[in-house]
There are 4 protein chains.
Amino acid sequence: MRAVRVAGPGVVEVAEVPAPKLEAPTDAIVRVTLAGICGTDLHLSSGHADGVPPGTRLGHEFVGDVVDVGSHVRRIAPGDHVMGADFTACGACRFCEAGDHWHCKERAFFGTGTAYGPELHGAQAELVRVPHAETTLAPTGGLSDEAAILAGDNLATGWIAVERAGARPGEIVAVLGGGAVGQLVALSALTIGAAAVVLVEPSVARRELAERRGVLAATPEEAPALVRALTDGDGADVVVDAVGGTRVLASALGIVRKRGRIVSVGAQPDAAFALPVARAFVDELTLSFAIGDAIRTRSQVASLLRRHALDPGWVIDGRVPLSEAARAYAELRAQRFLKVVLDPHR
Amino acid sequence: MRAVRVAGPGVVEVAEVPAPKLEAPTDAIVRVTLAGICGTDLHLSSGHADGVPPGTRLGHEFVGDVVDVGSHVRRIAPGDHVMGADFTACGACRFCEAGDHWHCKERAFFGTGTAYGPELHGAQAELVRVPHAETTLAPTGGLSDEAAILAGDNLATGWIAVERAGARPGEIVAVLGGGAVGQLVALSALTIGAAAVVLVEPSVARRELAERRGVLAATPEEAPALVRALTDGDGADVVVDAVGGTRVLASALGIVRKRGRIVSVGAQPDAAFALPVARAFVDELTLSFAIGDAIRTRSQVASLLRRHALDPGWVIDGRVPLSEAARAYAELRAQRFLKVVLDPHR
Amino acid sequence: MRAVRVAGPGVVEVAEVPAPKLEAPTDAIVRVTLAGICGTDLHLSSGHADGVPPGTRLGHEFVGDVVDVGSHVRRIAPGDHVMGADFTACGACRFCEAGDHWHCKERAFFGTGTAYGPELHGAQAELVRVPHAETTLAPTGGLSDEAAILAGDNLATGWIAVERAGARPGEIVAVLGGGAVGQLVALSALTIGAAAVVLVEPSVARRELAERRGVLAATPEEAPALVRALTDGDGADVVVDAVGGTRVLASALGIVRKRGRIVSVGAQPDAAFALPVARAFVDELTLSFAIGDAIRTRSQVASLLRRHALDPGWVIDGRVPLSEAARAYAELRAQRFLKVVLDPHR
Amino acid sequence: MRAVRVAGPGVVEVAEVPAPKLEAPTDAIVRVTLAGICGTDLHLSSGHADGVPPGTRLGHEFVGDVVDVGSHVRRIAPGDHVMGADFTACGACRFCEAGDHWHCKERAFFGTGTAYGPELHGAQAELVRVPHAETTLAPTGGLSDEAAILAGDNLATGWIAVERAGARPGEIVAVLGGGAVGQLVALSALTIGAAAVVLVEPSVARRELAERRGVLAATPEEAPALVRALTDGDGADVVVDAVGGTRVLASALGIVRKRGRIVSVGAQPDAAFALPVARAFVDELTLSFAIGDAIRTRSQVASLLRRHALDPGWVIDGRVPLSEAARAYAELRAQRFLKVVLDPHR
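Rules behind the numbers
- Residues numbered from 1 in each chain as written.
- Chains lettered and ligands numbered in written order.
- Predicted model: local features only at pLDDT ≥ 70, side-chain atom pairs only at ≥ 80, totals over all residues.
- Heavy atoms only, no water.
- Helix = DSSP H or I, 4+ residues; strand = E, 2+ residues; numbered from the N terminus.
- Contact = heavy atoms within 4.5 Å.
- Buried area = accessible area lost by both parts, 1.4 Å probe.
- Salt bridge = Lys/Arg side-chain N within 4 Å of Asp/Glu carboxyl O.
- Polar contact = N/O pair within 3.5 Å; in protein donor to acceptor, adjacent residues only side chain to side chain.
- Nonpolar A, V, L, I, M, F, W, Y, C, P; charged D, E, K, R; others polar.
- Pairing = 2+ DSSP bridges.
- Buried < 20%, exposed > 50% of the residue type's maximum accessible area, 1.4 Å probe, protein only.
- Least-squares fit on C-alpha atoms with pLDDT ≥ 70 in both.
- Axes fitted to C-alpha atoms, helices over the stretch in contact; angles between N-to-C directions.
- Parallel < 35°, antiparallel > 145°, perpendicular 65-115°, else oblique.
- Left-handed = near helix turned anticlockwise from the far one by under 90°.
- Bend = angle between axes of the 7 residues up to and from the residue.

Colleague: Give a description of the environment of Asp241 of chain B that names residues and reports values.
Modeller: Its place among the elements puts Asp241 of chain B in strand E11 (residues 236-241). Sequence spacing of Asp241 of chain B and Gly266 of chain B is 25 residues, and the spatial spacing of their C-alpha atoms is 6.2 Å.

What follows is the structure, given as structure tokens:
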């Protein structure tokens, strides 16, 4: 079968690889009908990430049809149309019970080489093997493939950012970064009743996308003044870093109010950040780091998607055949798309 | 000055009465610029309510300009444009500290005779005396008079219904009754991220008003099937009774899911309700009663109103001079209006 | 093997019955090392309960050793020493995900005949078949058998009463009924930081048991005055009915404060309770019904038990061989014991 | 009157100073009957703090009798025996309404020079002027002076650490530092139902004090192994830094579990802390800074103190006349006391 894999620094290719097989009685094999490309994939294939040598097969966002299941899989059956979570979890340990699947000892992150643990082949492929299928997969239940792709990764991250921040109705939320995740943080914040959401993003096109959905938008230069104007000078109640990196954390500190909450859902590759701790103490700040958890959030989020109370389909502005994955990656890297999905069977 | 008062069963009149004066150092006198008529006023003036003899002066919804304050009032000053809460509270006792102002021992409910405690003259008048002015009043802070009238009573009730129910994003909320309060419960539930809200109401006009704002609507006959369809047969997560009376409580029990929550914000004049307790136990139901608390909710609600994240102005479909109050009451009783405000100075 | 079953109204017997076998691949067979007798068992065997004919096998509290598991059971293995929950649940449906296992469509309640759904034989026996073993069972993890018996039923109920009430540190909690469940409600309330707990119970012996653990105790006659004294006349923040029946609900209403919360965890056999709805509305009361959920609470509760931060072992004051079950039931009915456990292998 | 003031680096003196007078209609004058010395006072008088020149009058913990009130003070009257909060707040602004009094624009911190804003003379004196008396003071309501001193500062800090961490019953809490605040964090964590609390402290005497109250104790060297043993190697759910400084923050990171929460209530004098951000991201940590808020917590805490559900009086192990303040400071600095109170009238 064909699958997307890293070819070299900044380059991917579609290659013929062996089809996956069931390896454990809790596995399933899914025939992928749509796979997403995430900002994380751009980083992993950039040549700057550890544990992702050429040949690494990419992709952790997918929907598809179950074609085979192990002997212990009962809740999912061949023929089911399912959405995947971006990583697997056992569903039964202390962390899974608490809804913190990322910390499950059996977590494996699809398509990320050995960057986050033992390798599990990616889902930008015709078929994908899914460990702990009963926990990792869920029926799409009438969601469109596009909605399900988002619920399985980027929207889970957007939603959890708002949840972790404890954002309350009536609050002012600032979001740093207008990529797919940032846009979905902004939508999530509006959904739970933020009084106003400010998306901070240099690209005019991405700001306009947000503004069309009722989000306020600002360049990084304009943001502090806009936030002050909205909050009588206090600063934002919640600031979400949807980019990652210490420079963005520093920006977040610049616009958060006293007793405000900063949540970072962007990858933090640097070893250390010089947290201004005297100020954080006097202002009683809270700083949280969060990774999406589609397994936990998908039933709540799906309820909203199904009734269009949350309607993020527009975030996906590119859809190309799997065979053109190299081009899709390049255009996404150049920000000519916001979010691209790959169709393995076109 | 002129004020609305009860003339007889089902009849009100505008009469010349003495202007109010400061009676305590914490009082203020407000020149009313807009006063609302609430469903409660229809009940109080119907002849069926205790403690509301002819001559009782009505009205507990108002905005206006402060014209005089007692010697201990510092945070409010003559000239301030303010919104009133529907009842007063001391702001400092155990109940006030906990945000339960209704249970303050110094509570007085404007314009309700002695039905709920010592009499405090109503606000459907040119002037109104406001005890505990620093707690009872708040600057409108740029809200329209219409928005402020709603935030001071009916929207506070709508908001608190959703809050008391613990309604979470993604849940299905049913609202019984499409009067002003029911419409505002529905809007509040959408604002905090309900996946769907079903308004149950016999009047086609009131159902259509709701549908125009993204609420689903059903007649009482249609409601059970619609709720089942939306919830895979489970029943609504939350049911709010926005009418009152035991018959409506019984309807709520008919559409709530197991482990669901019923909140009643409609007046309950009957002494007893035959609660089906065996079923309530096996289904682990929760039943709460709530009265709006504008003092607690107004700052959160105002934040949403100010940025139009919550936009309920359309609920007010009638605006008449104070002199025509008798006609306004009659038309409201006949449901020719959803919500009427009186202008004392036109 | 031997098992306890209903012999006639108010009488149980130990009879030889066929040993259970695996019936589904998710089943386990447990060799019971200790089984509890619950107040519910007294009711079920009284002759007044529907669905419990003579011959019904009793018991829903047990610990033991796994002796066999179905082919899909991986997390539990023969040889494991486990605690059971009082009822089974699938662990994967919407209700299970939300932590409301009682409402799982695959719930079966051990040893209750057909009173609550399809029959599942009781655990007061040498062996018991456990459906959905991975969800229903958990390793005792070092808990004593006595602690595990309590965590599997009565303490789960006591804990959930406090949780459902939303009891906060510093509040005053009244508990109606000093049986095993009432005592465990009281301990749970102390554990989470109630300022004071009042146990209301006619039996002097049961009051003294509570007083020895730092609980205040009162007869039903003394209770209103004691609660008033503790609360400056306001009434209890939380009242838990640990007995059941409408008469006790009425007592709860007599001592709860305005905006207070009543939780009933006692069975409610009557069809209807005359809820004083006008008062409930004006006082903004909340009334909840709750059934314990050992599956949800056991990991949190076990954490406290393991470190003796919650130490309820004293509640069990009787331990008799299974062969003397008839006597144990009779003495428990006569309140000569608070809580009895049966040893099937002595 | 006599008051404690800074004499030079590390030295305080008792000096004759002018008695305070009412300066605003919301002021009160309190005759101090007991004043506490806080760890903060040692820092302020050390010569290393900005804004605390010689002559600065110290003390922010006090109970006493009201002797005079301004014309707008109604809820407090001469003769009332009251407890003070450590800082003042207006009680009416957005931050005060939200229970975040520290961020009130009218906050003034007693006895800290200009280190935290405009100077307000300290309470280690015969008399103290209290701005915003209705908010800053509360009747002791039957608490002992010692309990009230603690509730007004150090216990408020201990309580809020646990609250801010979102510590839940059954969790494992580690506390770094066994001074008065650390001991009170530990007690607070036990009160709300922590399964175990580990106090990390080099001094054997301070460890033993904690152990006598059911707290586990460890040296900094022993702590990691003890925490691992208690948590199956996972790390503590919550770690509270009750010392301050970046070195202690680093220790906290060494024993917190994945998805754990660190709260620092110790002063952070350094400009920056090198937060290991890559690890914080992958482990989804939360880091909060908190300052006690006696105004918010005192009614909840007093409820527990009054019924001895929280009993911290033993933390105060020294009581000396005001005239011997210099010696008290010196002995406290040498850790010969855990907590000292000064009696101005002995």
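Colleague: Could you give an account of the interface of chain B and chain C, naming the residues involved and the relevant values?
Modeller: On the chain C side, the residues contacting the 42 residues of chain B number 41 residues. Here chain B and chain C share an interface that buries about 3500 Å² over both sides, 55% of which is from carbon and sulfur atoms. Sorting the residues of chain B by area buried against chain C places Phe281, Glu284 and Phe289 of chain B first, and these three jointly supply 20% of that buried surface. In this structure, Asp234 of chain B and Arg94 of chain C form a salt bridge, with 3.0 Å as the shortest nitrogen-oxygen distance. Joining chain B to chain C, the criterion identifies 23 residue pairs in polar contact (both at pLDDT 80 or more).

Colleague: Please provide a residue-by-residue account of the interface of chain D and chain A, values included.
Modeller: The interface is formed by 41 residues belonging to chain D together with 42 residues belonging to chain A. Contact with chain A buries area across many residues of chain D, yet Phe281, Glu284 and Phe289 of chain D alone supply 20% of it, more than any other trio. There are 10 salt bridges connecting chain D and chain A. Counting across the chain D and chain A interface gives 23 residue pairs in polar contact (both at pLDDT 80 or more). At the level of elements, helix H2 (94-97), helix H9 (246-255), strand E12 (256-264), strand E13 (273-275), helix H10 (277-282) and strand E14 (286-289) of chain D are the ones that each hand at least two residues to the side of chain D that touches chain A. Broken down by class, the residue content of the side of chain D that touches chain A amounts to 22 nonpolar, seven polar and 12 charged. Pairing between strand E13 (residues 273-275) of chain A and E13 of chain D: three bridges, direction antiparallel. Bridge pairing links Phe273 of chain A to Leu275 of chain D in E13 of chain D.

Colleague: Would you mind going over the environment of Phe109 of chain A in detail, with residue names and values included?
Modeller: Residue and element names in this part refer to chain A. By secondary structure assignment, the location of Phe109 is in the loop between helix H2 (94-97) and strand E6 (127-130). For Phe109, a relative accessible area of 9% puts it in the buried group. Considering only alpha carbons, one finds Phe109 and His60, 49 residues apart in sequence, at a separation of 7.2 Å. When near neighbours in sequence (up to four residues on either side) are disregarded, Phe109 contacts His60, Asp86, Phe87, Trp102, Tyr116 and Leu120.

Colleague: Give a detailed account of the relation of the copies chain D and chain A, specifying residues and quantitative values.
Modeller: Least-squares fitting of chain D to chain A yields an RMSD of 0.0 Å, with the transformation described by 0.0 Å of translation along the axis and a rotation of 180°. Expressed as an axis order, the relation between the two copies is that of a two-fold axis.

Colleague: Break down the packing of helix H5 (residues 154-164) of chain A against helix H11 (residues 294-306) of chain A for me, with residues and values.
Modeller: Residue and element names in this part refer to chain A. Axis separation between H5 and H11 bottoms out at 10 Å; the angle between their running directions is 95°. On the basis of the axis angle, H5 is roughly perpendicular to H11. From H5, Leu155, Ala156, Trp159, Ile160, Glu163 and Arg164 reach across to H11, where they touch Ala294, Arg296, Thr297, Gln300, Val301, Leu304 and Leu305. Split by residue class, the contact of H5 with H11 holds eight nonpolar, two polar and three charged.

Colleague: Help me get a handle on the sheet that holds strand E10 (residues 216-218) of chain C, residues and values and all.
Modeller: One open sheet holds the 12 strands; their spatial order is E10(B)-E9(B)-E8(B)-E11(B)-E12(B)-E14(B)-E14(C)-E12(C)-E11(C)-E8(C)-E9(C)-E10(C), and the pairing between them is mixed. Looking at which strands have only one partner, the edges of the open sheet turn out to be strand E10 (216-218) of chain B together with E10 of chain C. Here the average twist between neighbouring strands, direction ignored, is 20°. Of the pairings in the sheet, the one linking strand E14 (residues 286-289) of chain B to strand E14 (residues 286-289) of chain C comprises three bridges and is antiparallel in character. Residue pairing in the sheet places Thr286 of chain B in a bridge with Ser288 of chain C of E14 of chain C. Against the sheet, helix H6 (residues 180-191) of chain B makes contact with strand E8 (172-176), strand E9 (196-200) and E11 of chain B, and its axis sits at roughly 175° relative to E9 of chain B, the strand it touches most. Strand contacts of helix H8 (residues 223-230) of chain C: strand E8 (172-176), strand E9 (196-200), E10 and strand E11 (236-241) of chain C, with the helix running at about 145° to E10 of chain C, the strand carrying the most contacts.

Colleague: Provide a residue-level description of the packing of helix H5 (residues 154-164) of chain B against H6 of chain B, including the pertinent values.
Modeller: Residue and element names in this part refer to chain B. H6 packs onto H5 with a crossing angle of 50° between their chain directions and a minimal axis gap of 8 Å. Viewed along their axes, H5 and H6 adopt a mutual orientation that is oblique. For H5 against H6, the interelement crossing comes out right-handed. In this structure, H5 uses Asn154, Leu155, Thr157, Gly158, Trp159, Ala161 and Val162 to contact H6, whose residues at the interface are Ala180, Val181, Leu184, Val185, Ser188, Ala189 and Thr191. Class assignment for the residues of the contact of H5 with H6 results in nine nonpolar, five polar and no charged.

Colleague: Break down helix H11 (residues 294-306) of chain C for me, citing the residues and quoting the values.
Modeller: All names here are of chain C. Approximately 35° is the largest bend angle found in H11, and it occurs at Gln300. Within the span of H11, buried status applies to Ala294, Ile295, Thr297, Arg298, Val301, Ala302, Ser303, Leu304 and Leu305. Packing partners of the buried residues in H11 comprise strand E5 (81-84), helix H3 (133-136), strand E7 (137-139), helix H4 (145-151), helix H5 (154-164) and helix H6 (180-191). The backbone nitrogen of Ile295 lies 3.2 Å from a side-chain oxygen of the residue at the head of H11, namely Asp293.

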